[in-house]
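Results of the structural survey
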Amino acid sequence: MGASPLVHALWMSAGLSCDGDSVSMTSATSPSLEDLTRGIIPGMPSLVLHHPLLAYDNGSEFLQAWYDAEAGKLDPFVLVLEGSVPNEQISGNGCWAALGADTVTGEPITTVEWLERLAPKAEVVVAVGTCATYGGVPAMRNNPTGAMGLPDFLGWTFRSRAGVPIVCIPGCPAQPDNITETILYLTMMLAGQAPMIDLDDALRPRWLFDRTVHEGCNRAAFCEHGDYAGTYGDDPRCLVKLGCKGPVVKCNVPIRGWIRGIGGCPNVGGICIGCTSPGFPDRFMPFMQMSNKVRASTAMARFTYGPILRLLRNESMKLGSKEPPWRRPSDHLTSGYQPRWNLDDRPEKLVPKTYTVDGREARFYELSSTECVRAEIAEGGYSLSWSTSLSASEWLESLHERVGNAPEALGLVILRENLDSRGDLTWRETRMLIQDPGLTPVLVRVDLGSTGLVWKTGLSGGEGLWQVGVTAPWFDYDLFKELMVASASPLVLQRVMEVLEDARSVRRAQ
Ligand code: SF4
Ligand code: SF4
Ligand code: SF4
């Protein structure tokens, strides 16, 4: 068939159907139902959808399209079935499903009869939902209706007028975008703008159903590691022990999500029950139990290679989480890193600079202009600071090496640059410093940020932890020292000294 300006779709939900697929289709977004029917997709023929749930017409006016299709006046048209085919000839027992009534006899026109009238004339025949494709829930063992899927009714080798096999879009219900995307493809195909649709053995579009649920599931790594959830709820691990059938079911829902990429059974904690498979539901029941084969495979993963995989990956992850050594200061610089200091160049002996504040003496030890500053505040107590370029452990190592353990240390000042970006790390480092046995756990912290000069006066903090805040637009070492001295006069220093005195008394008492 050449390019066509108009394609009709006759949607029959008159199979044994709960209309769930129609409802599902209304939430499609890629493309949406509106996109399909409003002619906004370039190259796509106009689509006229005759749908019992969405039509404004009803009664004989609505049915006119069906009669026109039968009479060859609605050409071309795609016939869509939702719901399974109840074959009264098998059940021999009345009428199970029908659409409209014969105008002469007044008898209902059964679904089977419509299918026999229209399927040979349709350009393409589509089955939507697992009921229509393979029989689904109404076709479970012992059902009284003789229900079956469309390929079982028309024959798996059926070809439409355009030579196309029955196109099956299973799912209970079918994923919304899978429905609209397939309809879009078929209309483009009928317009000569797409090749013959590629279907798998179960007549499903291959591009939608080529991968298993498991292959797209966001819990798959847990499964591979033998790490399984034992109960429903927030547990993010693999659901296979709760009955998930994802490893053996072809469905793209975990990849595509449900609406706008959100959802998708196991992704959001629901086990896969195999609803897109021809054997659904009988072959997947009881849904919430593992089969013996699954039990064996989970045990294998859990007690053999799973933990080994996890261990090896954790090791690799630890390694991958560290920067390579050539980004560190060293003799072998390969990444252009320019260290701002060299630990080996530090003077052997530290010479303090002495300041007098309100008659008290404060001594500062300078390790380098940007590395760290050690300040000793009067009477043998001292405070310390370091720039964030060294880690706390490096800094402590350097300090102990240079000035020895400092059991009499009474105060600690930590200089932080970029307070906001390093907040967590700095606090972690701060804790390390507080816990260091060589330092008295009294802390004065100075924050040197980059957003303007703000000098917080006074001290804040809890037990053993005192904080002074400085925010300056640049790191000015001399300014810092002056601020330190200024901050210590008189209020801050007074408070620091009080705390230090207390600490010293406690220590003496011990
Ligand atoms: Fe309803 Fe599921 Fe059947 Fe669709 S496949 S008609 S959603 S029961
Ligand atoms: Fe596979 Fe199901 Fe586990 Fe996901 S939850 S990884 S689909 S078994
Ligand atoms: Fe059905 Fe499983 Fe796909 Fe969910 S993930 S739609 S239960 S086949």
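Structural data are supplied above this passage.
Quick summary incoming for the structure in this document. (Residues numbered from 1 in each chain as written. Chains lettered and ligands numbered in written order. Predicted model: local features only at pLDDT ≥ 70, side-chain atom pairs only at ≥ 80, totals over all residues. Heavy atoms only, no water.)

1. Description of the overall build of the chain
- Secondary structure summary: the chain contains 18 helices and 17 strands in total.
- Counting across all 510 residues of the chain, residues that qualify as buried make up 49%.
- Sequence-distant contacts, at least 24 apart, represent 68% of the contacts inside the chain between residues at least 6 apart.
- For the chain, the exposed surface amounts to about 25,300 Å²; the carbon and sulfur share of it is 54%. (Helix = DSSP H or I, 4+ residues; strand = E, 2+ residues; numbered from the N terminus. Buried < 20%, exposed > 50% of the residue type's maximum accessible area, 1.4 Å probe, protein only. Contact = heavy atoms within 4.5 Å. Areas by Shrake-Rupley, 256 points an atom, 1.4 Å probe, with all protein chains shown as cover.)

2. Overview of the packing of helix H3 (residues 59–70) against helix H5 (residues 111–118)
- Relative to each other, H3 and H5 sit at 40°, their axes nearing to 9 Å. What the angle tells us is that H3 and H5 run oblique. Of the two elements, H3 crosses H5, and the hand of that crossing is left-handed. Packed against H3, whose contacting residues are Leu63, Trp66, Tyr67, Ala69 and Glu70, the element H5 presents Trp114, Arg117 and Leu118 at the interface.
- Considered class by class, the residues forming the contact of H3 with H5 number six nonpolar, no polar and two charged. (Axes fitted to C-alpha atoms, helices over the stretch in contact; angles between N-to-C directions. Parallel < 35°, antiparallel > 145°, perpendicular 65-115°, else oblique. Left-handed = near helix turned anticlockwise from the far one by under 90°. Nonpolar A, V, L, I, M, F, W, Y, C, P; charged D, E, K, R; others polar.)

3. Here's the deal with the sheet that holds strand E2 (residues 46–50)
- Taken in spatial order, the five strands make up an open sheet running E2-E1-E3-E7-E9, and their pairing is parallel. Pairing within the sheet leaves two strands with one partner each, and these edge strands are E2 and strand E9 (167–169). Taking the axes of each pair of neighbouring strands and ignoring which way they run, one obtains an average angle of 20° across the sheet.
- Relative to E2, strand E1 (residues 6–12) is paired through five bridges, and the arrangement is parallel. Considered in E2, the bridge of valine 7 is made with leucine 47.
- H3 contacts E1, E2 and strand E3 (77–82) of the sheet and is inclined by roughly 115° relative to E1.
- In the packing of H5 onto the sheet, the strands contacted are E1 and E3, and the crossing angle to E3 comes to about 155°. (Pairing = 2+ DSSP bridges.)

4. Considerations on the site of ligand 2
- Neighbouring residues of ligand 2: 13 residues in total, closest His214, Cys217, Cys238, Leu239 and Cys244.
- Put simply, the parts of the chain that give the shell around ligand 2 at least two residues each are helix H10 (213–216) and helix H11 (220–224).
- Across the shell around ligand 2, the residue classes tally to ten nonpolar, two polar and one charged. (Near = heavy atom within 4 Å.)

5. Quick notes on the packing of aromatic side chains
- Here the structure, examined in full by the defined rule, presents five aromatic pairs.
- Centroid distance tyrosine 67 to tryptophan 114: 5.6 Å. Interplanar angle 55°. Geometry classified as tilted. A residue pair is termed long-range when its members are at least 10 positions apart, and tyrosine 67 in helix H3 and tryptophan 114 in helix H5 qualify at 47 residues.
- Using a relative accessible area of 23% as the deciding quantity, one classes tyrosine 67 as partly exposed.
- Using a relative accessible area of 0% as the deciding quantity, one classes tryptophan 114 as buried.
- An angle of 40° between the planes, with centres 5.2 Å apart, marks the rings of tyrosine 185 and tryptophan 207 as tilted. With tyrosine 185 in helix H8 (residues 176–190) and tryptophan 207 in helix H9 (residues 206–209), this pair connects stretches of sequence that are 22 residues apart.
- Stacked on the ring of tryptophan 114, the Lys or Arg arginine 117 has its end atom at 4.8 Å from the ring centre. (Phe/Tyr/Trp six-rings, centres within 6.5 Å; stacked < 30°, edge-to-face > 60°. Lys NZ or Arg CZ within 6 Å of the ring centre and 35° of its normal.)

6. Considerations on the pattern of salt bridges
- Counted under the stated rule, the structure contains eleven salt bridges.
- Arginine 117 serves as the salt-bridge partner of glutamate 113, at 2.8 Å between the closest nitrogen and oxygen. Taken together, the residues span about one helical turn, with glutamate 113 and arginine 117 both in helix H5 at a distance of four residues.
- Judged by its relative accessible area of 18%, arginine 117 falls in the buried class.
- A salt bridge links aspartate 227 to arginine 237, with the nearest nitrogen and oxygen atoms 3.1 Å apart. With aspartate 227 in the loop between H11 and helix H12 (253–256) and arginine 237 in the loop between H11 and H12, this pair connects stretches of sequence that are ten residues apart.
- When salt bridges that share partners are traced, they join Glu70, Glu113 and Arg117 into one network. (Salt bridge = Lys/Arg side-chain N within 4 Å of Asp/Glu carboxyl O.)

7. Quick look at the packing of helix H13 (residues 292–303) against helix H14 (residues 305–320)
- Packing of H13 against H14 brings their axes to within 3 Å, and their N-to-C directions diverge by 40°. The angle between H13 and H14 falls in the class oblique. Residues Met300, Ala301, Arg302 and Phe303 of H13 touch H14, and the partners they reach there are Tyr305, Gly306 and Pro307.

8. What to know about the state of the cysteines
- Taken as a whole, this structure holds zero disulfides when the rule is applied.
- Here cysteine 223 is not cross-linked by a disulfide; its sulfur's nearest cysteine counterpart is in cysteine 238, at 3.7 Å. (Disulfide = S-S within 2.5 Å.)

Worth remembering: the numbers are spatial, not functional.
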